[in-house]
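Chain and residue survey
Below are the chains, spelled out letter by letter.
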Amino acid sequence: FTADVPGLGRELWRTDGTGPGTLLVKDIRPGPDSGMGLPRFTTLGSQVIFLANDGIHGFELWITDGTAAGTNLLADIRPGSNSSSPIDLEVFAGKIFFQANDGVTGRELWSTDGTAAGTQLFQDLNPGTLGASPAELRVLGSTLIFRATHPTLGSELMKTDGTVAGTSVIADINPGATSTNPSQLVLVGGICFFRATTPATGAELWRTDGTAEGTSLVADLTPGAGHSSFQVEAALASQLVFAFDDGIHGRELWVSDGTAAGTHILADIL
């Protein structure tokens, strides 16, 4: 975990649940400046990978085994003091996939096996300097799905089986360069619910099983081209729970089982 201590700043700590066993792991950025970035830790085998800045390399991936000697910079993805700022770390196929910016390809999809040599650009999904900005990485069965900007199709849902050859757009929901802008990806069983925008329905609730034929509109909650303002809350058993204002009941909890008939208000609480 991270803790902010006067004179040390926000640094990396560990605990075994006891007072004597609660210790500073390493002062990554010596002095009062904080070395830790976002408090997001991702476990890979017996080690933990996290974001940190030692004041020399910018915000990069670090790795720790829980000891000072075993806490080190994993890879300087963007050489020098500029940060590659890795985000959206997700364990898949024995590696961690994430978004990072090497200063050349823009924000693209990277992967690491926990070694410097095994930390590499996975694929330049949107060739050039703009980057594909892959985000909201989710493991759905044997595939990793995420949203990213395709060079000709715009922002759509993509998937990978962990190989470059097995990486593709799931479905071009808005044919051509117009973006669907998928967001709020949540897994419920073997389904991924998400928000997507089309000219006919506006922004609405969609679902996918990771295939083109299994990607479809769940329900046009606000009929017509008007957008539905909903916020995904959680997965509950085999249903999605989300907050939505249908214009009649106010903003209340709704549920969906992935079908139009099974998408309805849960309770009119107020």
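Our structure's up above, just so we're on the same page.
Residues numbered from 1 in each chain as written. Predicted model: local features only at pLDDT ≥ 70, side-chain atom pairs only at ≥ 80, totals over all residues. Heavy atoms only, no water.

Here we look at the overall build of the protein
So the rule is basically this: For the purposes of this entry, the term helix denotes a DSSP run of H or I that reaches at least four residues, the term strand denotes a run of E that reaches at least two, and both are numbered from the N terminus. Think of it in three bands: with a 1.4 Å probe and only protein chains considered, a residue is buried below 20% of the maximum accessible area for its type, exposed above 50%, and partly exposed in between. Between two residues, a contact is recorded if the distance between any of their heavy atoms is within 4.5 Å. Accessibility throughout is a Shrake-Rupley quantity obtained with a 1.4 Å probe, and a residue counts as covered only by protein chains that appear here.
Check the secondary structure of the protein and you find zero helices and 23 strands. Counting all 270 residues of the protein, 45% fall into the buried class. Counting contacts in the protein only where the partners sit at least 6 residues apart, residues at least 24 apart contribute 37% of the total. Accessible surface, the protein: about 12,100 Å² in total, of which carbon and sulfur atoms supply 57%.

Details of unusual backbone geometry
Despite not being glycine, Q184 shows a phi value in the positive range, around 55°. As for its placement among the helices and strands, Q184 is situated in strand β16 (residues 183–188). Look at A237: it is not a glycine, yet its phi comes out positive at around 55°. Topologically, A237 is positioned in the loop between β20 (230–236) and β21 (239–245). Look at A237 and you get exposed, because its relative accessible area is 74%.

Considerations on the side chain of E252
What counts, and what does not: Under the counting rule used here, the positive set is Lys and Arg, the negative set is Asp and Glu, and His together with the chain ends is not counted. Put simply, a salt bridge is a Lys or Arg side-chain nitrogen that is within 4 Å of an Asp or Glu carboxyl oxygen. Counting of polar contacts relies on pairs of N or O atoms within 3.5 Å, with two restrictions inside protein: one atom must be capable of donating a hydrogen and the other of accepting it, and residues adjacent in sequence are counted only when both atoms are side-chain atoms.
As for its position among the elements, E252 is in strand β22 (residues 251–256). This buried residue, E252, is left without a salt bridge; R251 holds the nearest opposite charge, at 9.4 Å. Here the side chain of E252 touches L270 through a polar contact of 3.2 Å, landing on its backbone nitrogen. What E252 contacts, discounting residues up to four positions off in sequence, is F242, A243, F244, I265, A267, D268, I269 and L270.

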